[in-house]
Amino acid sequence: MYAMAGSPSPLTSAGSCHNDSSLGNNNNNMYVNLLKHAEDGILDLNMAAETLEVQKRRIYDITNVLEGIGLTEKNLENKIRWK
C-alpha cells in the first residue's frame, strides 16, 4: 500500500497494519495446543477466541481450514474436536 505525500502511513516499520486482526503463526500454534489439550478433546471456540485475544472470526478461519482438510469436525455449535 502506498501513502500519499504528507499523509501518515498505516503501516509500521515491520510492515504490518495497526488494525491487524489476523492470527499470526504464534497464535496458530497456541490454537492447535488449545485443541490438543482441550477437556474431553472438545474445544469451545468462544473460549479459544478469548484465550488468544483474537476476533472469533479468525478462530473460525483456522477451524474451517482444519475441517476442510479433514482434521477436525464440529461436535456441537461453537465446539470442535479432532477426527
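This structure is a prediction, so every number in the text was calculated from the model and none was measured.

1. Regarding unusual backbone geometry
- Phi angles above zero are rare outside glycine, and aspartate 40 is one such case at about 60°.
- If you trace the backbone, aspartate 40 turns up in the loop between helix H1 (25-36) and strand E1 (42-44).
- Exposure remark for aspartate 40: the relative accessible area of 69% places this residue in the exposed category.
- Look at glutamate 53: it is not a glycine, yet its phi comes out positive at around 55°.
- Inspection of the secondary structure puts glutamate 53 in the loop between helix H2 (45-52) and helix H3 (56-68).

2. Focus: the pattern of salt bridges
- The final tally for this structure, using the stated rule, is four salt bridges.
- Across the salt bridge formed by arginine 57 and aspartate 61, the nearest N and O atoms sit 3.0 Å from each other. Taken together, the positions of arginine 57 and aspartate 61, both in helix H3 and four residues apart, correspond to about one turn of that helix.
- A salt bridge links aspartate 61 to arginine 58; its shortest N-O distance comes to 2.7 Å. Taken together, the positions of aspartate 61 and arginine 58, both in helix H3 and three residues apart, correspond to about one turn of that helix.

3. Quick notes on the nonpolar core
- Core analysis: the biggest nonpolar cluster contains 13 residues, and Tyr31, Leu43, Leu45, Leu52, Ile59 and Ile80 have the highest contact counts within it.
- When residues of this core are traced back to their parent elements, those giving at least two are H1, H2 and H3.
- With four residues, H2 is the single largest residue contributor to this core.

4. Description of a nonpolar patch on the surface
- Where nonpolar side chains cluster on the molecular surface, the patch consists of Val65, Ile69 and Leu71 and spans about 280 Å² of accessible area.
- Positionally, valine 65 belongs in helix H3.

5. A look at the sheet that holds E1
- An order of E1-E3-E2 is seen for the three strands of this open sheet, with the pairing classed as antiparallel. Strands with a single pairing partner mark the edges of an open sheet, and in this sheet they are E1 and strand E2 (72-76). This sheet shows a mean twist of 35° between the axes of neighbouring strands, independent of strand direction.
- Sheet analysis places E1 next to strand E3 (residues 79-82), joined by three bridges and oriented antiparallel. Bridge assignment links aspartate 44 to a residue of E3, and that residue is lysine 79.
- The strands touched by H2 within the sheet are E1 and E3, with E1 carrying the most contacts at an inclination of about 60°.
- Most of the contacts of H3 go to E2, to which it runs at about 115°, and overall it touches E2 and E3.

Conventions used here
Residues numbered from 1 in each chain as written. Predicted model: local features only at pLDDT ≥ 70, side-chain atom pairs only at ≥ 80, totals over all residues. Heavy atoms only, no water. Helix = DSSP H or I, 4+ residues; strand = E, 2+ residues; numbered from the N terminus. Buried < 20%, exposed > 50% of the residue type's maximum accessible area, 1.4 Å probe, protein only. Salt bridge = Lys/Arg side-chain N within 4 Å of Asp/Glu carboxyl O. Core = buried A, V, L, I, M, F, W, Y, C linked by side-chain atoms within 4.5 Å. Patch = residues over 30% accessible without salt bridge, like charges linked within 9 Å, V, L, I, M, F, W, Y side chains within 5 Å. Areas by Shrake-Rupley, 256 points an atom, 1.4 Å probe, with all protein chains shown as cover. Pairing = 2+ DSSP bridges. Axes fitted to C-alpha atoms, helices over the stretch in contact; angles between N-to-C directions. Contact = heavy atoms within 4.5 Å.

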